[in-house]
Each structure stands twice: as C-alpha cells, then as structure tokens.
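Observations on the model geometry
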Amino acid sequence: MARRKTRSKKRISRFTVAGVIIFCSITCGILVYNGSVLMDQEKEYEKQITQLKKEKKEADKRAEELKEYEEYVKTDEYIEEVAREKLGLVYKDEIIFEPDSDN
C-alpha cells in the first residue's frame, strides 16, 4: 500500500496579514518622514554653505586690503602723510598758506 503524503494547508490568519500590512505601512511612513526631514536639513545646509562661501570671499578680500595697507604703511609716502596731517610737521623751506577764518 502506498502511503499518501497529505499536506495540511496552513492558513494564515487575517490578524497576521493585517499586522504585517500595518507594520509595513508604519515602516514606510517612518522612512518617508525621515527622508523629508533629511531633505529639509540638506536644503538648510546648502544655504549655510552658500552664506559661508560668501563670508569667506569677503574675508579674503578684507585680508587682501589689509595686506596692501600694511605694505603702504611701510612706505615713506605714508610716513610723510602722517607727519603732515597728525603731527603738523613741514619741510624746512616749505611755506603753508591757510585761508582766513573771517570769511
């Protein structure tokens, strides 16, 4: 006699299917939400990067101006300018004409 192998079909309960669907839905929802949060953060970081690049360009420009001013301060022209304007010094043979304050 040949024995027949009977397979018993196991049915998955409705609650199990509903649980799996709910779990997958919640997981997908969390992933979509986290993705949108990350994209918002990325946009904010891009704005910060743009602002920082602008500030760096301005700082580089200011540093260049200071470097040029530093070189100018070392010249005789600057020394003469400070001596005339701030200290009121003049050359020996120089005559200064000042306008009358009566006008």
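Here the structure is shown first, and the text comes after it.
I will try to describe carefully the structure that is included in this document. (Residues numbered from 1 in each chain as written. Predicted model: local features only at pLDDT ≥ 70, side-chain atom pairs only at ≥ 80, totals over all residues. Heavy atoms only, no water.)

This paragraph deals with the packing of helix α1 (residues 14–73) against helix α2 (residues 76–85). At a minimum axis separation of 6 Å, α1 and α2 run at an interaxial angle of 75°. Between α1 and α2, the interaxial angle falls into the category roughly perpendicular. Residue-level inspection shows Y69, Y72 and V73 of α1 in contact with α2, the latter providing E77, Y78 and E81. Residue composition of the contact of α1 with α2, by class: 4 nonpolar, no polar and 2 charged. (Axes fitted to C-alpha atoms, helices over the stretch in contact; angles between N-to-C directions. Helix = DSSP H or I, 4+ residues; strand = E, 2+ residues; numbered from the N terminus. Parallel < 35°, antiparallel > 145°, perpendicular 65-115°, else oblique. Contact = heavy atoms within 4.5 Å. Nonpolar A, V, L, I, M, F, W, Y, C, P; charged D, E, K, R; others polar.)

According to the stated counting rule, one finds 3 aromatic pairs in the structure shown. With 6.2 Å between their ring centres and 80° between their planes, Y69 and Y78 make a pair best called edge-to-face. The class for Y69 is partly exposed, based on a relative accessible area of 44%. Each ring, one from Y72 and one from Y78, has its centre 5.4 Å from the other, and the planes form 70°; the classification is edge-to-face. Y72 sits in the partly exposed class, given a relative accessible area of 25%. Three or more aromatic residues joined by ring pairs form one cluster here, namely Y69, Y72 and Y78. (Phe/Tyr/Trp six-rings, centres within 6.5 Å; stacked < 30°, edge-to-face > 60°. Buried < 20%, exposed > 50% of the residue type's maximum accessible area, 1.4 Å probe, protein only.)

In this section: the environment of R84. Tracing the backbone through its elements, the reader meets R84 in helix α2. Not counting chain neighbours up to four residues away, the residues in contact with R84 comprise L89, Y91 and E94.

It is possible for side chains bearing opposite charge to pair when their charged atoms get close. Under the counting rule described, the total for this entry stands at 4 salt bridges. In this structure, R62 and E65 form a salt bridge, with 3.8 Å as the shortest nitrogen-oxygen distance. A residue pair is termed a helical-turn pair when its members lie 3 or 4 positions apart in one helix, as R62 and E65 do in helix α1 at 3 residues. Overall, E65 belongs to the partly exposed group, its relative accessible area being 39%. E94 is the salt-bridge partner of R84, the closest N and O atoms lying 2.8 Å from each other. Here E94 lies in the segment after α2 and R84 lies in helix α2, a separation of 10 residues in the sequence. With relative accessibility at 31%, the residue R84 sits in the partly exposed group. On the basis of relative accessible area, E94 is assigned to the partly exposed category, the value being 29%. (Salt bridge = Lys/Arg side-chain N within 4 Å of Asp/Glu carboxyl O.)

Turning to a nonpolar patch on the surface, a few remarks are in order. Taken together, the side chains of I12, V17 and I21 present a nonpolar region at the surface, about 290 Å² in accessible area. With respect to the helices and strands, the residue I12 is situated in the segment before α1. (Patch = residues over 30% accessible without salt bridge, like charges linked within 9 Å, V, L, I, M, F, W, Y side chains within 5 Å. Areas by Shrake-Rupley, 256 points an atom, 1.4 Å probe, with all protein chains shown as cover.)

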